[in-house]
Amino acid sequence: MGLDDDGVEVWLRLRNAAGEDVVLRVRASTAIPTLRRLLPDIDWYEREIADMFGVRFGGRDAAPLLLAAGAAPTMRREQLLRARQATPWPGEKDPGGTTPRRRTLPPGVIGGAQ
Amino acid sequence: MTIRGILVLDASACTSCMLCVRECPTWCISLDSHQEIDPETAALARPRTVNVLDDFRIDFARCMNCSICVEVCPFDALSWAAQCDYAEPQRDALTHHWS
């Protein structure tokens with residue numbers, strides 16, 4: 001676990017018809033070899049993990065399928081939701097409809113509480 | 001067994017304190033209110049100002065039934081009804097109003 005490790009760990013759980021169970025864990029600091037040639041059904045899961053967590057799988061097309069164009073991998077929580085920045089927060093008014101002297105913002109909005 | 005249907009507001013208990021509006025994670029609650037002099041105190045040396053609720057809205061297209069608004073309300077104005085009256089023929093009708 002070096003300083004360049006982004007902290008994402010991928011788990012692969014395999015279970016066969018005899019009930020034998022094995023879990024493989026690998027840090028995702030570098031590209032992970034793809035298993036879709038061995039297990040074709042794993043392709044969709046690899047695609048989802050690549051889009052949502054930004055994990056690179058060697059030997060496959062890296063173009064996002066599930067992610068909106070220009071969006072950062074959602075599950076890494078590195079990018080604030082764009083809709084939230086543009087939408088006025090209903091809690092900005094004070095009780096009684098008065099305008100607060102200090103502007104407060106909720107979590108998830110630029111300039112708001114963390 | 002607790003039946004949890006749709007959110008309902010007891011407008012007589014609401015003081016427009018804005019706590020539910022601010023705590024809602026999906027921003028689905030909004031309200032309009034104004035301030036008035038409490039008539040019972042109008043003649044006194046210190047007239048009291050109270051909040052009057054004009055319109056309380058919950059957009060059930062965004063509500064995720066987390067119950068945070070019910071838990072945070074200091075006056076128990078929000079509660080879960082027994083009926084699940086969510087279905088509406090128009091999108092705008094999913095926003096329920098109380099006043």
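Residues numbered from 1 in each chain as written. Chains lettered and ligands numbered in written order. Predicted model: local features only at pLDDT ≥ 70, side-chain atom pairs only at ≥ 80, totals over all residues. Heavy atoms only, no water.

Q: Help me out: how do you make sense of the overall build of chain A in this one?
A: Counting secondary structure elements, chain A contains 2 helices and 4 strands. Traced from its N-terminal end to its C-terminal end, chain A shows the element sequence β-β-β-α-β-α. Looking at chain A residue by residue over its 114 residues, the buried ones come to 22%. Carbon and sulfur atoms provide 56% of the accessible area of chain A, an area that totals close to 8,500 Å². (Helix = DSSP H or I, 4+ residues; strand = E, 2+ residues; numbered from the N terminus. Buried < 20%, exposed > 50% of the residue type's maximum accessible area, 1.4 Å probe, protein only. Areas by Shrake-Rupley, 256 points an atom, 1.4 Å probe, with all protein chains shown as cover.)

Q: In this structure, what is going on with the sheet that holds strand 5 (residues 95–98) of chain B? I would like to understand it.
A: Strand pairing in a sheet is mediated by backbone hydrogen bonds. Such pairs are either parallel or antiparallel. Residue and element names in this part refer to chain B. Pairing in this open sheet of 3 strands is antiparallel, and the strands run 2-3-5 from one edge to the other. Of all the strands in the sheet, just strand 2 (29–37) and strand 5 have a single pairing partner and so form its edges. When the angles between neighbouring strand axes are averaged without regard to direction, this sheet yields 20 degrees. Judged from the 4 bridges that link them, strand 3 (residues 49–59) and strand 5 form a sheet pairing that is antiparallel. Within the sheet, the bridge partner assigned to R57 lies in strand 5 and is H97. (Pairing = 2+ DSSP bridges. Axes fitted to C-alpha atoms, helices over the stretch in contact; angles between N-to-C directions.)

Q: Would you mind showing me how to read the interface of chain B and chain A here?
A: Much of the literature gives interface size as the accessible area that the parts lose upon coming together. Across the contact, 16 residues belong to chain B and 14 residues belong to chain A. Between chain B and chain A, a total of about 1,200 Å² is buried, with carbon and sulfur atoms accounting for 55% of that surface. Looking at the side of chain B facing chain A, the largest losses of area belong to M18, R22 and W27 of chain B, adding up to 58% of the total buried there. Summed over the shared surface of chain B and chain A, the number is 2 salt bridges. Of the charged contacts in the structure, one is a salt bridge between K93 of chain A and D32 of chain B, with a shortest N-O distance of 2.7 Å. Counting residues per element, the ones that place at least two in the side of chain B that touches chain A are helix 1 (19–23) and strand 2 of chain B. Tallying contributions element by element places strand 2 of chain B first for the side of chain B that touches chain A, with 7 residues. Of the residues that constitute the side of chain B that touches chain A, the class distribution is 7 nonpolar, 7 polar and 2 charged. (Contact = heavy atoms within 4.5 Å. Buried area = accessible area lost by both parts, 1.4 Å probe. Salt bridge = Lys/Arg side-chain N within 4 Å of Asp/Glu carboxyl O. Nonpolar A, V, L, I, M, F, W, Y, C, P; charged D, E, K, R; others polar.)

Q: What's the story with the nonpolar core in this structure? I'm lost.
A: Counting 25 residues, the largest nonpolar core has L7, L9, I29, F56, I58 and L78 of chain B as the members making the most contacts within it. The element that contributes the greatest number of residues to this core is strand 3 of chain B, accounting for 3 residues. Dropping the residues within four chain positions of it, L9 of chain B is found in contact with C14, L53, F56, A77, L78 and W98 of chain B. Grouped together as the second largest cluster of nonpolar side chains are 6 residues, V8, A28, I32 and F57 of chain A included. (Core = buried A, V, L, I, M, F, W, Y, C linked by side-chain atoms within 4.5 Å.)

Q: How should the pairing of strand 1 (residues 9–15) of chain A be read in this particular structure?
A: It is a general feature of regular strands that their side chains alternate between the two faces of the sheet. All names here are of chain A. With 7 bridges connecting them, strand 1 and strand 2 (residues 21–27) associate as antiparallel partners. Within strand 2, the position partnered with E9 by the bridge is R27. Between strand 1 and strand 2, which pair antiparallel in sequence order, lie 5 residues; one of them, G19, sits at a positive phi of approximately 90 degrees.

Q: Looking at this structure, I do not really get the packing of aromatic side chains. What am I missing?
A: The geometry of an aromatic ring pair is captured by two quantities: the separation of the ring centres and the angle between the planes. Residues and elements named next belong to chain B. Here the structure, examined in full by the defined rule, presents 2 aromatic pairs over all chains. Consider the rings of F56 and W98, whose centres lie 6.0 Å apart with planes at 65 degrees: the pair is edge-to-face. Placement of the pair is F56 in strand 3 and W98 in strand 5, with a sequence separation of 42 residues. Comparing F56 with W98, the two get one shared label, buried. Centre to centre, the rings of F60 and Y86 are 5.6 Å apart; their planes meet at 80 degrees, and the pair counts as edge-to-face. (Phe/Tyr/Trp six-rings, centres within 6.5 Å; stacked < 30°, edge-to-face > 60°.)

Q: How should I be thinking about a nonpolar patch on the surface in this particular structure?
A: A cluster of nonpolar side chains, contributed by L14, V22, L24, L38 and L39 of chain A, occupies part of the molecular surface with about 430 Å² of accessible area. As for its placement among the helices and strands, L38 of chain A is situated in the loop between strand 3 (32–33) and helix 1 (42–53). (Patch = residues over 30% accessible without salt bridge, like charges linked within 9 Å, V, L, I, M, F, W, Y side chains within 5 Å.)

These figures capture arrangement, not role.
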